[in-house]
Amino acid sequence: MEVAGTLSCKTIISVLFFFLASVANWVHCQAAGTRVGFYARSCPTAEAIIKSTVQTHFNSNPTIAPGLLRMHFHDCFVHGCDASILIDGPNTEKTAGPNLNLRGYEVINDAKSRLEAVCPGTVSCADILSLATRDAVVLTKGFSWQVPTGRRDGLISSASDTANLPGFRESIDLQKQKFVEKGLNTQDLVALVGGHTIGTTACRLFKYRLYNFTTTGNGADPTINPAFLPQLRALCPQNGDDAARVGLDTGSVGRFDTAFFENLRNGRGVLESDQKLWTDASTKTYVQKFLGVRGLLGLKFNVEFGRSMVKMSNIGVKTGTEGEIRRVCSAIN
């Protein structure tokens, strides 16, 4: 038999790619002080409890998936991934403008309650959020990835510290700058924004693109596909409800796939910052790679998304004796 001899170069390269990706993630996690399986001895059922909790909430409300993903992103970009976004109180992070519509707090609180009943004072809220986000993405048909754990919870949460969160009207250069400051590169930027494939947004965050973007022509952003414009205007009338929700991945809302990037290629990005991923040359290349454009070395979006999530989830983590393990996620001990 010549089975080994019949392996294609493509198969060998794929195996090597996954091996190198795993090694890279392991090295990154070791440097950050986190590791996969941190609770294997101290709370062996931790990940199973979190997964079950997410599944229960997702079954009754699938919008918790994009909610948790966005919450995790907003948490990590302010003081690192330390669950500071979960703390209640006046002028905490969750009261800041960009965080007012975050969803999924009940999932984290429920998981924490279940864990405290089994392993009191052991599993951090920061780790719960990171693990729950992974589990939520998987429920929307995304690939799974190994989540390094061992984070501890932060002791500071201030609304004023959210000013540096990436914004929906920002240039690609500014977005890249904010990502670089967190140790993330341009590919990470495109991959993580690709999480919008399961997200929604409010009309108020993009309505200006439909009616008041220019003073000439029909007033719309010229990067919007003319055939798509009537659809967006119907969803968000000029004098309509600014809080109405619209899917960020037209035709594939709620399913984790590459349709989001196809929409960008076709001028069907909803947020201005999303569409800029296609119009800016430095990010367009990665969009094309995720789409498997001929002539470019392709990238598997689901795989690269997981790798970028591992990198993001290790931003500014607190480990060892830093921070604390909260008894309830909404309050410092």
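Residues numbered from 1 in each chain as written. Predicted model: local features only at pLDDT ≥ 70, side-chain atom pairs only at ≥ 80, totals over all residues. Heavy atoms only, no water.

Naming follows an unreviewed UniProt entry, where the protein chain appears as Peroxidase of Ziziphus jujuba. Quoted straight from UniProt, the Function (unreviewed entry) entry for the protein chain says "Removal of H(2)O(2), oxidation of toxic reductants, biosynthesis and degradation of lignin, suberization, auxin catabolism, response to environmental stresses such as wounding, pathogen attack and oxidative stress. These functions might be dependent on each isozyme/isoform in each plant tissue." UniProt, in the comment section headed Catalytic activity (unreviewed entry), describes the protein chain in these words: "2 a phenolic donor + H2O2 = 2 a phenolic radical donor + 2 H2O". (UniProt positions renumbered as here; feature names shortened; annotations may be inferred.)

Chemist: I'd love a proper account of helix H2 (residues 46–60), names of residues and values included.
Modeler: A rise of 1.5 Å per residue sets the reference length of H2, with its 15 residues, at 21 Å; its end C-alpha atoms lie 22 Å apart and thus fit the reference within 8%. Among the structural elements, helix H3 (64–76), helix H4 (105–118) and helix H5 (125–139) are those in contact with the buried residues of H2. (Helix = DSSP H or I, 4+ residues; strand = E, 2+ residues; numbered from the N terminus. Expected span 1.5 Å × (residues − 1). Contact = heavy atoms within 4.5 Å.)

Chemist: Before we move on, could you go through the nonpolar core and cite the residues and values that matter?
Modeler: Within the largest apolar cluster, 66 residues are counted, with the highest numbers of intra-cluster contacts made by Leu-86, Phe-261, Phe-305 and Met-312. For this core, the leading source of residues is H5, giving eight residues. For Met-312, the residues in contact, after removing those within four places along its chain, are His-72, Phe-73, Cys-76, Phe-77, Cys-81, Leu-184 and Leu-192. Among the nonpolar cores identified, the runner-up in size contains 15 residues, and Leu-205, Leu-210, Leu-248 and Leu-271 belong to it. (Core = buried A, V, L, I, M, F, W, Y, C linked by side-chain atoms within 4.5 Å. Buried < 20%, exposed > 50% of the residue type's maximum accessible area, 1.4 Å probe, protein only.)

Chemist: Residues and numbers for the packing of helix H7 (residues 186–193) against helix H13 (residues 301–312), please.
Modeler: Axis separation between H7 and H13 bottoms out at 9 Å; the angle between their running directions is 110°. Taken together, H7 and H13 sit at an angle that is classed as roughly perpendicular. Within the contact between the two elements, H7 uses Gln-187, Asp-188, Ala-191 and Leu-192 and H13 uses Phe-301, Glu-304, Phe-305, Ser-308, Met-309, Lys-311 and Met-312. (Axes fitted to C-alpha atoms, helices over the stretch in contact; angles between N-to-C directions. Parallel < 35°, antiparallel > 145°, perpendicular 65-115°, else oblique.)

Chemist: So what's going on with the side chain of Arg-326? Residues and values would help.
Modeler: For Arg-326, the position within the fold is in the segment after H13. Buried charge Arg-326 goes without a salt bridge, the closest partner of opposite sign being Glu-324 at 4.3 Å. (Lys, Arg positive; Asp, Glu negative; His and termini not counted. Salt bridge = Lys/Arg side-chain N within 4 Å of Asp/Glu carboxyl O.)

Chemist: How would you explain the state of the cysteines if you had to name every residue and give the values?
Modeler: Counted by the stated rule, this structure contains four disulfides. Between the sulfur of Cys-125 and that of Cys-329 lies a disulfide, 2.1 Å long from S to S. What sets the handedness of the Cys-125 and Cys-329 disulfide is the S-S torsion sign, and at about -95° it is left-handed. With Cys-125 in helix H5 and Cys-329 in the segment after H13, this residue pair connects regions lying 204 residues apart in the sequence. (Disulfide = S-S within 2.5 Å.)

Chemist: Which residues make up the environment of Ser-308, and what values go with them?
Modeler: Within the element layout of this structure, Ser-308 appears in helix H13. Setting aside chain neighbours within four positions, we find Ser-308 in contact with Asp-188, Ala-191 and Leu-192. Side-chain polar atoms of Ser-308 contact the side chain of Asp-188, separated by 2.7 Å. (Polar contact = N/O pair within 3.5 Å; in protein donor to acceptor, adjacent residues only side chain to side chain.)

Chemist: Talk me through the layout of surface pockets; I want residue IDs and the actual numbers.
Modeler: Of the volumes computed, that of the largest pocket is approximately 830 Å³. Among the elements of the structure, H3, helix H6 (172–180), H7, strand E1 (200–202), helix H11 (272–279) and H13 are those that each provide at least two residues to the lining of the largest pocket. By residue number, the principal contributor to the lining of the largest pocket is H3, which donates six residues. When the residues that make up the lining of the largest pocket are grouped by side-chain class, the tally is 19 nonpolar, twelve polar and seven charged. (1 Å grid on protein atoms, 1.4 Å probe; cavity = no way out; pocket = protein on both sides within 12 Å on 5 of 7 lines; lining within 4 Å. Points joined across faces, edges and corners; volume = space filled by probe spheres on them. Nonpolar A, V, L, I, M, F, W, Y, C, P; charged D, E, K, R; others polar.)

Chemist: Provide a residue-level description of H6, including the pertinent values.
Modeler: Side chains three or four residues apart in an α-helix point the same way, a direct result of the helix having 3.6 residues per turn. When H6 is considered as a whole, its buried residues turn out to be Ile-172, Gln-175, Lys-176, Lys-178 and Phe-179. Burial along H6 is one-sided: seen end-on, the buried residues are contained in an arc of 160°. Across H6 from its buried face, at more than 90 degrees, point the exposed residues Asp-173 and Val-180. In this fold, the buried residues of H6 make contact with H3, H7, H11 and helix H12 (281–291). (Arc of directions from axis to C-beta.)

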